[in-house]
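Close look at the chain arrangement
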Amino acid sequence: MIETKRLRLYPASQKQMEEFIETQTVDVLKAAYTEMLNGCLAKPEQWEWYAIWMIELKNGTHIGELCFKGLTPDGIAEIGYGINDEYQGQGYASEAVKAVSEWAFQQPDVTALEAETDDENIVSKRVLEKCGFVPNGIMGEEGPRYSLPR
């Protein structure tokens, strides 16, 4: 578990992930979270790199999720994140991304983090910039890619 001034972040257990997936009403999210669970089950020794990370306030209120999309053989992990609508605009995404980035760089095999965001998503771009990510000139499926080297 990672704790910040206001947040607790932790990789969900298999049971938590299964329950979370069941509550999803958006098919794309349900499929993505199912893919994460399958990654955890296929590579349990790399659970943290495939799991849904829960983002909670210190009082236990669930406010969003974060994930890595595996860890490549050359040590690059892609990060994704989302904060529930009613908690946006309060700096929680930046706090969570910064904390989990620091955690990731404490892991010996990690050389860089990457993320991508829709070109129109100014808020997400700002989160990445506040956390030290810079555009790397590559266009991903969701938009421009950003990198944070070790």
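Basis of the calculations
- Sequence order as written defines the numbering, with residues in each chain counted from 1.
- Predicted model: local features are reported for residues with pLDDT of at least 70 only, side-chain atom pairs are reported and counted for 80 or more only, and whole-chain, interface and lining totals are derived from all residues.
- Values shown for side chains rest on all heavy atoms present in the structure; no hydrogens or waters enter the calculation.
- Each helix corresponds to a stretch of at least 4 residues labelled H or I by DSSP, and each strand to a stretch of at least 2 residues labelled E; elements are numbered beginning at the N terminus.
- Two residues form a contact once any of their heavy atoms are found within 4.5 Å.
- Polar contacts here mean pairs of N or O atoms no more than 3.5 Å apart (in protein, one a potential hydrogen donor and the other a potential acceptor; neighbouring residues in sequence count only if both atoms are side-chain atoms).
- Whether two aromatic rings pair depends on their centres lying within 6.5 Å, for rings of Phe, Tyr and Trp, where Trp uses its six-membered ring; planes under 30 degrees apart make the pair stacked, over 60 edge-to-face, and the rest tilted.
- The cut-offs for exposure are 20% and 50% of the maximum accessible area for each residue type, with area from a 1.4 Å probe on protein chains only; residues under the lower value are buried, those over the upper are exposed, and the others partly exposed.
- One speaks of a salt bridge when a side-chain nitrogen belonging to Lys or Arg is within 4 Å of a carboxyl oxygen belonging to Asp or Glu.
- Pairing between two strands is assigned when DSSP locates at least 2 bridges connecting them.
- Crossover handedness is defined by viewing with both strands directed away from the observer: a clockwise path from the first strand over the helix to the second marks the crossover as right-handed.

Focus: the environment of Tyr-33
Here Tyr-33 lies in helix H2 (residues 27–42). Sequence-distant contacts of Tyr-33, that is, excluding residues within four places in its chain, are made with Met-17, Phe-20, Ile-21, Gln-24, Ile-52 and Glu-65. Here the side chain of Tyr-33 touches Glu-65 through a polar contact of 3.0 Å, side chain to side chain.

Some thoughts on the packing of aromatic side chains
In this structure the tally under the stated criterion is seven aromatic pairs. Ring geometry for Phe-20 versus Tyr-33: centroids 5.1 Å apart, planes at 70 degrees, classification edge-to-face. Pair noted here: Phe-20 is in helix H1 (residues 14–23) and Tyr-33 is in helix H2, with a separation of 13 residues, a long-range link. Taken individually, Phe-20 and Tyr-33 each receive the classification buried, so the pair is uniform in this respect. A ring pair is formed by Tyr-87 and Tyr-92, whose centres lie 6.5 Å apart and whose planes are at 65 degrees; its orientation type is edge-to-face. Among the aromatic residues, those joined into a ring-pair cluster are Trp-49, Trp-53, Phe-68 and Trp-103.

Considering the pattern of salt bridges
Taken as a whole, this structure holds nine salt bridges when the rule is applied. The closest approach of N and O atoms between Arg-145 and Glu-116, which form a salt bridge, is 2.3 Å. Here Arg-145, found in strand S8 (residues 144–149), pairs with Glu-116, found in strand S6 (residues 112–116); they are 29 residues apart in sequence, far enough to count as distant. Salt bridges sharing common partners tie together Lys-69, Glu-78, Glu-114, Glu-116, Glu-142 and Arg-145.

Some remarks on the side chain of Ser-94
Along the chain, the position of Ser-94 falls in helix H4 (residues 92–105). If near-sequence neighbours (up to four positions away) are discounted, Ser-94 is found in contact with Val-127, Lys-130 and Cys-131.

Observations regarding the pairing of S6
A regular strand carries its side chains on alternate faces of the sheet. Of all the five residues making up S6, five are buried; the element is thus mostly covered by neighbouring parts of the structure. Summarising the sheet, strand S5 (residues 76–83) and S6 pair through three bridges and their orientation is parallel. Bridge pairing links Glu-78 to Glu-114 in S6. Regarding topology, H4 serves as the crossover connection from S5 to the parallel S6, and that connection is right-handed. One ladder, built from five bridges, connects S6 with S8; its direction is antiparallel. In the sheet register, Ala-112 faces S8, and the bridge partner there is Pro-149.

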